[in-house]
Every structure is written in structure tokens, then in C-alpha cells.
Number of protein chains: 2
Amino acid sequence: MRATVINGPKAISVEHVPDAEVRNPTDAVVRVTHACICGSDLWAYRGVAAREPGQRIGHEFLGVVDAVGAAVTGIRPGDRVVAPFVWADGVCDYCADGLYTSCPHGGFWGQPGSDGGQGEAVRVPFADATLVRLPDGTPDELLPAVLALSDVMGTGHHAAVSARVRPGGTVAVVGDGAVGLCGVLAARRIGAERIVVLGRHEARTDIARRFGATDVVPERGDAAVEAVRELTGGEGVHSVLEAVGTEDAMRTAISIARDGGAVGYVGVPHGGSAGVDIRQMFNRNIALGGGVAPVRAYLPELLADVLAGRLDPSPVFDLEIGLDETPKGYEEMDERRALKVMIKL
Amino acid sequence: MRATVINGPKAISVEHVPDAEVRNPTDAVVRVTHACICGSDLWAYRGVAAREPGQRIGHEFLGVVDAVGAAVTGIRPGDRVVAPFVWADGVCDYCADGLYTSCPHGGFWGQPGSDGGQGEAVRVPFADATLVRLPDGTPDELLPAVLALSDVMGTGHHAAVSARVRPGGTVAVVGDGAVGLCGVLAARRIGAERIVVLGRHEARTDIARRFGATDVVPERGDAAVEAVRELTGGEGVHSVLEAVGTEDAMRTAISIARDGGAVGYVGVPHGGSAGVDIRQMFNRNIALGGGVAPVRAYLPELLADVLAGRLDPSPVFDLEIGLDETPKGYEEMDERRALKVMIKL
């Protein structure tokens, strides 16, 4: 089969690799129909996150079940399924708590020895626990929105939950990337009254407005803090979603939270903790939560909303390509010409 | 009247100062019968926290109302009252949310222009909102326990709440000072099943055991992390109470939390954020909350438990002195010969 391989910084290619196949009784093989490129893939692409040469890449996909192991009971060949960005056993204490990302038997698509999402097929461990089956007859036009549930939308939702977004509350989202935009959508879905997005790319902030942002703050740093405070009577917002992962973004996030508020951070931290102003957090009782999103836990409720037409994150995909064009897709995202690339197979 | 004054590092004296008196219609004057010295007073004593020469000091007290302003309706002269360590107006949005420490009209006893708790009397702004009246006939022997509600016990409780302590959960408390010990008591009160205290002062860890600690870990740093993990099947605890305020303590606290757990920190941060391992927090979804404790919000429920005999933090007081001996009390605490000093007037 063919799959995307990362051989080094900026060295992405689509290559022939061994076919995905059932190895364990709990495995399934999924023939990928839709995959995408994540902002976090760019860290590997740029050489900031280390990868072994020849590692697969891509952790967001949906497709059709091709084969299942003998112990798989919940899905059958022919079922359409979506995968969260990590697999998990579904039976450990962490999975029971919904923290699938801490499953001791879990893993991340593309890690050495596993298939990545940006390929023709994927061997899925613990298929019953990992995959979520779509109802028969799910319309094709909803599939991009469903694909977004494999990571970005679930991650945006995790930011919102971690930031304790509540109906009627005020929210700020730091970052106008695909996760930040999904954070806007998540905050709106929970019922936030006011949603300020911090971003300066007009095409993206336009999507933010479609998603429910009430205000756009293009400033950065101290000027951004001042702008958000001005919009909120000097007080800041109840909930801040930090969807960038830099020290500056964290510093801004903490500074625009209202006393007693919470920051939910889902931007993979690149840098140290210098942006975590612990003294300010202490004096103003600002909480910090979040991390790698257990999107599997959120998939059922978000999927129900997508299927019912109440939730549509698909506008984050602004470029659609075929598998062969994947290297070009990385370039487009790296050079910020594309917000998020969907790969259709 | 006479009150404790700080004139510089290690320069604490009891001096004649202007009498406390009603200045605003919402003021009361409280004649102090019990006060105490806080671990955080030592930061001022040591010159680490800046004070203007001549500033008053002490922020924990209870006493008898001597006089009230014309607008005070809830308390009368002769009432016995306990004060939280900050005053607050009781009517702003923050006070309505229970975050009294963020009240824009609030203040801290001993700040320039105000009386401190370690003196014969205190002018109390917003007396109706700030003070909590004790029922007539409250037995004298309960007063030390009530005094602890003015700061340490409420602060320990805030750590427990911020660390999301829950019935049946596992808890670790970093620090065996008075606040850490009250954190143990708070965790026990909420119903934690296992409570590990990290401390190496036997007299203090003995109190921790009386308060409900099930395990004592005298190690520090990596050895402490290993010890707590060993006690918890390798996983760490659901809730960590950080009651020290150093970078090392924070680093330890985060490292001993279970994935998906929470750290509640109430140790005034001295140092920066270097101990906040944001990458570890991200990968393991560890939340961080806490800060300066809004003890006024907790006073009614904690007081009810003290009066009912269900809660007794008074063992944290291991030295009782008169007002004149206050400078000596600072020495005793600074040199760790006393855990917490009660001043009786």
C-alpha cells in the first residue's frame, strides 16, 4: 500500500510500505477515505519534534473497515468509522475515567511500528475501544465535519472544557489556527455569550466569526491584553482557550483571564514554562488545565451534534488534495497558504 | 493602643499606635482577644516580602466588637467575631462569586493605613461583609480552632478544593507547615481515602497523622516522587496540595500527581515558574489551580464543623504567648522551634 513517510525535516514523501494487516485479535484494518494534516504535524515537518527517518505520519482519519480480528465484536467490515488521534485499550482505569490519552496500552498513529493516518490503510489496535462507528447512511457531505472530530474539534472542545466555559460566560481564544477556531465553535456550542478571538489572519478570523466569535483582537502581547480588558470592562474573561503552545501565548492567556477564571491549554507546549506567570495566577486565582485531548471521550457527543446538523467544523478545511499531493499539502500549511488540508483517497 | 509594628527585616516590636476607631459608617472596631503569626509573616520578617518601615503586621484575629459605624446592621458591640485575612465589600461581582480576595474594595490587614491583627484592636472596613459572628456562648476552648479559620484552615481547605479532593480519592500534601497540616485535615474532612504528607519534621508529621495522614514521605525531590509513586502503584495521586511556594515544591507536586489529576497550590510563590513543568502537565493532563484563599467564603461551613466538634485545627498552635512577646514569637517560628504561635490578649 502507499502511505506518507517522513524521512527528515521537510522530507515528506508518499511511498510504498507494507500492507496494513490484522496482527492481534483486537485489531481492525481501516481503509482510509479521508485524512488530514495537523498543525502539530508541522512541528515534525520542521524538525522541531524529532522523528525517526522512515516514520509514518498523520493521526487523523476516517474510513471503511476492511478486516477485523477474531476478538472484535463492535464493528464489521464495511462499517464506516472515525478514529481519534490515539488508540487506547478501553478497559484500563484511565480509559474508564475518559482519559484515553493516558492509557498504558495506548499509542499515537505514526509512532514507530504503527501506521499513520496519511496512507491508504491503517492497522487499528483495540479496534472496539478505539474506533467510533458512523451510522449507516451517514451522508458523504458530513464526512469532513466528522473527520475534524478525530483531532481538532475534540481538541478545541477539550480546551473549552478545561477552561470551564459555561453558558453565558465570557471566553477568549488565543490563536486562529484550526484548533483555535474549533475552540470558538466549542465555546459557542456550550453557550458562551461573548467569544473574543485573538488572531490577525483575516481569512481565519472570518471563519471565527462564522463559528460564533463576537470580537476579533488582532493585537499581540500587552496590546492584546489591553484590548481584551477594554472589551470586558477591565476585568478579562471567565475562560481562556490557549491554542498556540508558545510562551508568549500562555503569558497572554493568563493575563486576559478574569480573576477566578481558567485557562484551558491545548497548544502543544514548545518552549518552557516562562509564560506561566505563577505569581499572577496566585494573586488572581487563575486555574490552568488542559493538555493532550482525550478526544475519544468526546467523540460520541460531538458526533451526535454533527449528524444532527448542530455542529459543523468542516470550514477549517480550506484545501482538498489527493494522497499523492500530501507533500505539497505540508508546504501549503507550512507557508500558511492553507489553514488545514484534507486528503481524500 | 499597642500593636505589633515591622520596622525592617527582623525588626518587629510592639509599640504605642493611634487607637483603632470607626471612620466610615460601615466600619467596626474589634478588640482582639486572639491573634497569631503566619508563615507568610515570616517572608516580611526576613525581608523577602517588602514592607514600609512602621507598617502593622498580622492578619489573623478574633475578638469582641467594641464599636460599629452607623451603617453596620449585622453585628453589635459585645459580639464575638472572627475575621478572614482580607476585608471585602461583600457586594461586588467577585464577592458574589465567593472570590472575596479579588474584591476591588478589599484589603489586607496591616497594609499601609490599616491596622494589623497582632495588636489590641483593629478597625474593620465593611464589617457586615467581612466579619463572621460567633454564636453566643461559643465555648472558650473552641476559640483557637476558630482562630485557625481566619487563614490556615481556610487556606488548607482552598488547596483541597483547588486540587479537586473527592471522597475516596488519593491525596498528597507537599509541606508540613501549618497550612500543609490543615490541608491534610481538609482532605480528610472531604473524605479522601489515602493522604500522603511530604515532610520531615517528626513533631509536624505526627500532627499530620492525627489529622488523618495515612503515610509520611520524608524524602525530597526525585526520591520523594519515587516514594509517592511506590505508595500508589506507580500512578501518583488524584490530588496534590502544594503548601510551600518554592519552585522545588511545585516541581514535586506536579510530578506526584496522577494523570488527569490536579495540583492545588496555596504556598505564596517565592521564585518563578521554573517548577511548573508545562510539558509534563500537558502530556498527563494535570491541572493547576489555587492561589490566595478566599477564606471568607469557606468560613461559615468550616465554622459550623468546628462548633459541632467535627473539625479541630487547633493543634497547629504549639506556642501561646502574650502580645508583648510577639517579637519572640517571630524568632521562635523563624528558627522553626515553633510551628505556629498564638497570641492571647
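Residues numbered from 1 in each chain as written. Chains lettered and ligands numbered in written order. Predicted model: local features only at pLDDT ≥ 70, side-chain atom pairs only at ≥ 80, totals over all residues.

By a simple turn and slide, chain A fits onto chain B: the slide is 0.0 Å along the axis, the RMSD is 0.0 Å, and the turn is 180 degrees. What the superposition gives is, in effect, a two-fold axis relating one chain to the other. Every residue of chain A has its C-alpha some distance from the rotation axis, and the shortest such distance is that of Leu288 of chain A, at 2.5 Å. Taken as a fraction of all interface residues of chain A, those also at the interface in chain B reach 100%, which identifies the copy contact as same-surface. (Least-squares fit on C-alpha atoms with pLDDT ≥ 70 in both. Contact = placed C-beta atoms within 7 Å.)

This part covers the domain arrangement of chain A. Residue and element names in this part refer to chain A. Domains assigned within chain A are domain 1 (2-151 + 294-344) and domain 2 (156-290). With centres defined by C-alpha atoms, the gap from domain 1 to domain 2 works out at 27 Å. At the level of elements, helix H1 (39-45) and helix H11 (295-307) are the ones that each hand at least two residues to the side of domain 1 that touches domain 2. (Domains from an automatic or database assignment. Helix = DSSP H or I, 4+ residues; strand = E, 2+ residues; numbered from the N terminus.)

Turning our eyes to something else, we now look at the interface of chain A and chain B. The interface is formed by 26 residues belonging to chain A together with 26 residues belonging to chain B. At the level of elements, strand E15 (257-265), helix H10 (278-284) and strand E16 (287-290) of chain A are the ones that each hand at least two residues to the side of chain A that touches chain B. Among the elements that take part in the side of chain A that touches chain B, H10 of chain A stands out by supplying six residues, more than any other. Taken together, the residues of the side of chain A that touches chain B sort by class into twelve nonpolar, nine polar and five charged. (Nonpolar A, V, L, I, M, F, W, Y, C, P; charged D, E, K, R; others polar.)

With that settled, consider the packing of helix H8 (residues 221-231) of chain B against helix H9 (residues 247-255) of chain B. All names here are of chain B. The geometry of H8 relative to H9 is characterised by a closest axis approach of 9 Å and an angle of 25 degrees between their N-to-C directions. Comparing the axis directions of H8 and H9 gives the class roughly parallel. In this structure, H8 crosses over H9, and the sense of that crossing is right-handed. Note on element contacts: H9 touches H8 through Asp248, Thr252 and Ser255, opposite Gly221, Ala224 and Val225. Among the residues making up the contact of H8 with H9, the classes are represented as two nonpolar, three polar and one charged. (Axes fitted to C-alpha atoms, helices over the stretch in contact; angles between N-to-C directions. Parallel < 35°, antiparallel > 145°, perpendicular 65-115°, else oblique. Left-handed = near helix turned anticlockwise from the far one by under 90°.)

To continue, consider the sheet that holds strand E2 (residues 11-16) of chain A. Residues and elements named next belong to chain A. Here we have three strands laid out as an open sheet, ordered E2-E1-E4, and antiparallel in their pairing. Of all strands in the sheet, those bounded by a partner on one side alone are E2 and strand E4 (55-56). Sheet strands touched by helix H12 (residues 326-334): strand E1 (2-8) and E2. Its angle to E2, the strand with the most contacts, is close to 160 degrees. (Pairing = 2+ DSSP bridges.)

All names here are of chain B. Pairing within the open sheet is antiparallel, and its three strands lie in the order E2-E1-E4. Bordering the open sheet on either side are strand E2 (11-16) and strand E4 (55-56), each of which pairs with just one other strand. Pairing of strand E1 (residues 2-8) with E2, which is carried by six bridges, proceeds in the antiparallel orientation. Note on E2: the bridge partner recorded for Val5 is Ser13. This element, helix H12 (residues 326-334), spans E1 and E2 of the sheet and lies at about 160 degrees to E2.

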